[in-house]
Amino acid sequence: MQTILVCDDDKQIVEAIAIYLNGEGFHVLKAYDGYDVLDIMAEHKVDLLIIDVMMPGLDGVHTVLKIRENSSIPIIMLSAKGEDNDKILGLNIGADDYLTKPYNPLELVARVKSQLRRYTQLGNMEELTQANVYTCGGLVMDDDTKDVTVDGNPVKLTPIEYNILLLLVKNAGKVFSIDEIYTSIWNEEAIGADNTVAVHIRHIREKIEINPREPRYLKVVWGVGYKIEKQENN
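A brief look at the structure comes next. (Residues numbered from 1 in each chain as written. Predicted model: local features only at pLDDT ≥ 70, side-chain atom pairs only at ≥ 80, totals over all residues. Heavy atoms only, no water.)

## Observations regarding the overall build of the chain
Line of reasoning, step 1. Helices and strands together make up the secondary structure of the chain, namely 8 helices and 11 strands.
Line of reasoning, step 2. Its C-alpha atoms give the chain a radius of gyration of 18 Å, within 12% of the compact-globule value 17 Å for 234 residues.
Line of reasoning, step 3. For the C-alpha atoms alone, the extent of the chain along its principal axes is close to 55 × 35 × 30 Å.
Line of reasoning, step 4. Expressed as a percentage of its 234 residues, the buried residues of the chain come to 49%. (Helix = DSSP H or I, 4+ residues; strand = E, 2+ residues; numbered from the N terminus. Rg over C-alpha atoms; globule rule 2.2 N^0.38 Å. Buried < 20%, exposed > 50% of the residue type's maximum accessible area, 1.4 Å probe, protein only.)

Right, here's the structure in full:
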């Protein structure tokens with residue numbers, strides 16, 4: 001049974017989400033601020049976090065930043081704000097998905113299942129897979145351990161970032177449009193995907209490039225999309 005940690009300062013919202021998730025067979029842990037989240041995650045194995053952005057005490061943004069220091073579990077952020085800037089902020093700090101209140105609880109459950117499915121496919125649930133290592137110059141991706149290194153230095157990626165980079169590295173030299181990347185990674189129709197993909201691409205660049213403004217690996221092909229530049233070993 002997979003464990004979902006739900007955090008919101010509104011206890012009624014937490015209870016409502018818990019009812020739907022319990023009905024789908026998930027084990028639910030409950031928290032009401034960021035400090036609760038950190039304490040629970042220190043004591044329990046959590047497979048996915050649902051967290052509200054605005055909370056007293058330690059808010060959702062600073063909680064996610066703290067979690068991302070040593071964990072890559074899927075995170076879905078909730079917010080009453082619907083502006084693009086809030087969504088981009090959530091994705092920028094390491095969230096994998098974002099829902100604006102009010103939302104359909106069934107959609108939230110569907111997104112939880114989708115994130116867990118991708119996380120499991122990445123091997124972060126300690127599934128045994130056949131050895132696969134992809135190398136592009138100094139960029140190395142071990143698809144067994146999900147370790148990523150650049151010039152021997154480890155790089156920590158979120159599951160979405162890893163999936164995007166793996167897609168591009170496996171197809172080094174091939175240009176993928178924003179819609180192609182979104183469809184491949186999110187497994188849904190790409191509607192208004194530009195900001196979402198661009199945020200993740202920028203975040204990946206900041207992690208794998210010495211100078212993100214003059215990237216060695218992850219290149220933009222203006223008007224077309226993105227690609228991983230082939231290196232000498234490809």
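## A few points about the packing of aromatic side chains
Line of reasoning, step 1. Within this structure, the stated rule accounts for 1 aromatic pair.
Line of reasoning, step 2. A ring pair is formed by Tyr182 and Trp186, whose centres lie 4.6 Å apart and whose planes are at 10°; its orientation type is stacked. One end of the pair is Tyr182 and the other is Trp186, both in helix α7 (residues 178-186) and 4 residues apart, which spans about a single turn.
Line of reasoning, step 3. Geometry around Tyr32 places Lys11 over its ring, the cationic atom sitting 5.0 Å from the centre. (Phe/Tyr/Trp six-rings, centres within 6.5 Å; stacked < 30°, edge-to-face > 60°. Lys NZ or Arg CZ within 6 Å of the ring centre and 35° of its normal.)

## Some words on the sheet that holds strand β7 (residues 139-142)
Line of reasoning, step 1. If you trace the 4 strands from one edge of the open sheet to the other, you get β6-β7-β8-β9, paired in antiparallel fashion. The sheet is open, and its two borders are formed by β6 (133-136) and β9 (153-155), each paired with just one other strand. Each adjacent strand pair in this sheet contributes to an overall mean axis angle of 20°, direction not counted.
Line of reasoning, step 2. Across the sheet, helix α6 (residues 159-170) lies against β6, β7 and β8 (147-150), angled at about 110° from β7, the strand it touches most. (Pairing = 2+ DSSP bridges. Axes fitted to C-alpha atoms, helices over the stretch in contact; angles between N-to-C directions. Contact = heavy atoms within 4.5 Å.)

## Focus: the packing of α6 against α7
Line of reasoning, step 1. The interhelical angle for the contact between α6 and α7, taken along N-to-C directions, is 120°, at an axis separation of 10 Å. As judged from the angle between their axes, α6 and α7 are oblique. Here the hand of the crossing between α6 and α7 comes out right-handed. Here α6 contributes Ile160, Asn163, Ile164 and Leu167 to the contact with α7, which in turn contributes Ile181, Ser184, Ile185 and Trp186.
Line of reasoning, step 2. The class makeup of the residues in the contact of α6 with α7 is 6 nonpolar, 2 polar and no charged. (Parallel < 35°, antiparallel > 145°, perpendicular 65-115°, else oblique. Left-handed = near helix turned anticlockwise from the far one by under 90°. Nonpolar A, V, L, I, M, F, W, Y, C, P; charged D, E, K, R; others polar.)

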